[in-house]
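# Close look at the chain arrangement
What follows is the residue order along each chain.
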Amino acid sequence: MNFVRGQISLLVLLLILINSSVVSQQHSLPADHPVYNYLFLKSSQGLLPEYSSQILPKTTGQILEYLDSLNVREIRYTGIVNELTSDFRKFIQSYSGAHVSFKEGDEWNFTSYSSIHDASALYSYNDSLVRFETDLAGDFSLALKRKNDGGTVNAFMMGYGAKFRFHFGDWLAASMMLQNGNSYGSREAALSEARIRNSHTFSSTGRNNFDFTRGYLRIASEHLSLSVGREKILIGASVINRAISGEERPDFDFIRFETQYKDITYSFLHAWLVTGLTEISFAGKTVEKFKPNKYFAMNRLGWRVNENFSFGLTQMMFYAYRSPELAYLTPFLFWESAQRSMNDPDNGLLGIDFTLTPVKGIRLTAEILADDINFDSFGSEGFNSIQNTTFYRGALFFPELIPLKNALAGFEVTAVRPYTFSHPGYGDALNFSNDGVLMGDNIQPNSIGYSFFLSWQPEYSYSFLLKADYIMHGRNTYNSDGTLRFNYGGDFRESYNYFTPRLHKLLAGDRMKTSLLTGEFSYRFSYHILLTTKVQIEQVEFQGNRTSTAAGLFSFIYTPFGERY
């Protein structure tokens, strides 16, 4: 009986897929959406071998294709429909489809508005060719912070704005998000939220308001996609911490190109980054201020060899102080060679990543980023040569290891050699940073880190995340006035020079130990209303002293079109 019911369900699903695939969906699904962890979990179980999470976000059309394939396989193997897979598909189909407008009063009611899946927007226009929608974007957040001295500070933040979306046919999509906000209370407490920290208005001008904007224009077909805009982009093989572009880092402007044919994928990204103001002084007086141009170029070639193994090759280039370089805007070049031919002091990195599923239920990811390698030094100086600056990361994932349905556990080990991500001269214009912050996660050079990760989504409305990090860091030595005394390669802002000793062991310097525990919980009350809680406890041991801080963020979010932002 279960078999017959399963075959009928499969037939119904296939009919749905045929009808829903007529119109391609080209809008981005934000990189922090919980469906990405869910797809990674199912991929680790062997049910979705074609899914790749190295670069996010993906489009709603791509996500729907993954969910459709997953739904078919789950029915085939179990004979029943997975409720969470179906719920995700309903939400994303509703998110990417036409919305009911508030303006059409006879079509809108509180029951549909307060449901999980039924889509609505402030205003919506839809015909056979064009779709335009606008929706509100707002949030109310309370930030609490307990300092090391036992004192507590708090802040209340209120954000308000709107989001607009446009779709033309099945090949062009555009989106724009803009928001302003105000903070009341402690600035220190408000800075515990990444969005506030990354706001130039709040962090640099000293004002108590913040703002940000995101948007893109995308032209796409079945195998090609070209987009320009500003979004949160996550890049890295591990979903615990991102090696190349991290979750809490500032957004950046970009041109992005992607193509896929069978099991081969190619991704190209050229980004405009931010540096601090540079002052030119004469006779002790500042005569001019300017902001150097800074760019980041990256491309990745990936190949899924079979259902259990895939790998990727990545090249990156940071360059500055000039207009965009045509060589780095050309996707199909070896940029390291181009840099030498142009006689430029740019900062190039090469990367390789692997994803292996040795058995269903275990996923291994590994990645290496080579900032600088000098093979000539291996014979005389060995691995500790100052010119061998590299990043290593390996992670193991266990889907549903513990008796929790839809739970993903992971363990990660990272080692970063001294002086990695820095660059001789030019301040922060050529190092691995954006607006003075490391592009990837929080781990500094000259460090070893261990991370534990658990994400759990028992049903569509609820999600939990627990993350523990322990980092050992070899810190540079500084005088009491903050002047650098000895450089152990522990700060990406400080590079080596001619007088720096040639050999440096990992973790040399003043040892600092950081323990960080993060817990997150979200509850989706309806399509538009999301409640989130984030608690973070940090303990730092350095030179015999121990400091402890704790921060909590509680948010009520009106999500435009049902997304986080």
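Basis of the calculations
Residues numbered from 1 in each chain as written. Predicted model: local features only at pLDDT ≥ 70, side-chain atom pairs only at ≥ 80, totals over all residues. Heavy atoms only, no water. Helix = DSSP H or I, 4+ residues; strand = E, 2+ residues; numbered from the N terminus. Buried < 20%, exposed > 50% of the residue type's maximum accessible area, 1.4 Å probe, protein only. Contact = heavy atoms within 4.5 Å. Areas by Shrake-Rupley, 256 points an atom, 1.4 Å probe, with all protein chains shown as cover. pLDDT = per-residue confidence, 0-100. 1 Å grid on protein atoms, 1.4 Å probe; cavity = no way out; pocket = protein on both sides within 12 Å on 5 of 7 lines; lining within 4 Å. Points joined across faces, edges and corners; volume = space filled by probe spheres on them. Nonpolar A, V, L, I, M, F, W, Y, C, P; charged D, E, K, R; others polar. Salt bridge = Lys/Arg side-chain N within 4 Å of Asp/Glu carboxyl O. Axes fitted to C-alpha atoms, helices over the stretch in contact; angles between N-to-C directions. Parallel < 35°, antiparallel > 145°, perpendicular 65-115°, else oblique. Left-handed = near helix turned anticlockwise from the far one by under 90°. Phe/Tyr/Trp six-rings, centres within 6.5 Å; stacked < 30°, edge-to-face > 60°. Lys NZ or Arg CZ within 6 Å of the ring centre and 35° of its normal.

Broken down by element type, the protein chain carries eleven helices and 31 strands. In the protein chain, buried positions account for 49% of the 565 residues. Pairs at least 24 residues apart make up 64% of the contacts formed inside the protein chain by residues separated by at least 6 positions. Entry remark: accessible area of the protein chain is about 26,100 Å², with carbon and sulfur atoms responsible for 59%.

What follows concerns the confidence of the model for the protein chain. Averaged over every residue, the pLDDT of the protein chain is 87; residues scoring 70 or more account for 88%. When the criterion is pLDDT under 50, residues 1–24 qualifies, and its contacts beyond four places in sequence or with other chains add up to 22 contacts.

As enumerated under the stated definition, the model contains four cavities of 30 Å³ or more in all. Looking at the second largest cavity, its volume works out to about 100 Å³. Around the second largest cavity, the lining comprises 15 residues; the ones closest to its centre are Ile244, Arg300, Thr314, Asp353 and Glu367. Contributions of two or more residues to the lining of the second largest cavity are made by strand 17 (294–306), strand 19 (347–356) and strand 20 (363–372). Taken together, the residues of the lining of the second largest cavity sort by class into eight nonpolar, four polar and three charged.

Right, let's get into the pattern of salt bridges. Per the stated rule, a full pass over the model turns up 25 salt bridges. Its salt-bridge partner being glutamate 133, residue arginine 165 comes within 3.0 Å of it at the nearest N-O pair. In this pair, arginine 165 is assigned in strand 8 (residues 152–168) and glutamate 133 in strand 7 (residues 130–146), connecting sequence segments 32 residues apart. Taking the relative accessible area as the measure of exposure, arginine 165 reaches 2% and is therefore buried. Here arginine 214 ties to aspartate 251 by a salt bridge, and the two come within 2.5 Å at their closest N and O atoms. Placement of arginine 214 in strand 10 (residues 209–220) and of aspartate 251 in the loop between strand 12 (234–235) and strand 13 (252–261) is noted, with a sequence separation of 37 residues between them. Since its relative accessible area comes to 22%, arginine 214 is described here as partly exposed.

The next subject is unusual backbone geometry. A negative phi angle is the norm for most residues apart from glycine, just as the trans form is the norm for most peptide bonds. Here leucine 56 and proline 57 are connected by a cis peptide whose omega angle stands at 10 degrees. Turning to its location among the elements, proline 57 is positioned in the loop between strand 2 (55–56) and strand 3 (58–59). The backbone of aspartate 435 shows a phi angle near 55 degrees, a positive value even though the residue is not glycine. Note that aspartate 435 resides in the loop between strand 23 (433–434) and strand 24 (437–438). On the basis of relative accessibility, which here comes to 39%, the residue aspartate 435 falls in the partly exposed class. Not every positive phi belongs to a glycine, and glutamine 543 is a case in point at roughly 50 degrees. Along the chain, glutamine 543 falls in the loop between strand 30 (529–542) and strand 31 (545–558).

In terms of burial, helix 2 (residues 35–44) is a largely internal element, nine of the ten residues being buried. For helix 2, the full list of buried residues reads Val35, Tyr36, Tyr38, Leu39, Phe40, Leu41, Lys42, Ser43 and Ser44. Directly after helix 2, the chain includes glycine 46, whose backbone phi takes a positive value near 85 degrees.

All right, on to the packing of helix 3 (residues 60–78) against helix 4 (residues 83–96) then. Taken N-terminus to C-terminus, the directions of helix 3 and helix 4 make an angle of 155 degrees; their axes are 10 Å apart at the nearest point. Put simply, helix 3 runs roughly antiparallel to helix 4. Here helix 3 runs over helix 4; the crossing is left-handed. Residues Thr60, Ile63, Leu64, Leu67, Asp68, Leu70, Asn71 and Glu74 of helix 3 lie in contact with helix 4, whose contacting residues are Thr85, Ser86, Phe88, Arg89, Ile92, Gln93, Tyr95 and Ser96. Each residue belonging to the contact of helix 3 with helix 4 can be placed in one class, and the counts come to seven nonpolar, six polar and three charged.

A few words now on the packing of aromatic side chains. Under the counting rule described, the total for this entry stands at 32 aromatic pairs. For the ring pair tyrosine 419 and tyrosine 496, a centre distance of 5.6 Å and an interplane angle of 85 degrees mean the geometry is edge-to-face. One end of the pair, tyrosine 419, is in the loop between strand 22 (407–416) and strand 23; the other, tyrosine 496, is in the loop between strand 28 (484–486) and strand 29 (510–524), with 77 residues separating them in the sequence. Exposure remark for tyrosine 496: the relative accessible area of 18% places this residue in the buried category. Cluster of aromatic residues (ring-pair linked, three or more members): Phe268, Trp272, Tyr295, Tyr319, Tyr328 and Trp335. Above the face of the phenylalanine 202 ring, arginine 187 is positioned so that its terminal group lies 4.0 Å from the ring centre. When the ring centre of tyrosine 216 is taken as origin, the NZ or CZ atom of arginine 218, which lies over that ring, is 4.7 Å away.

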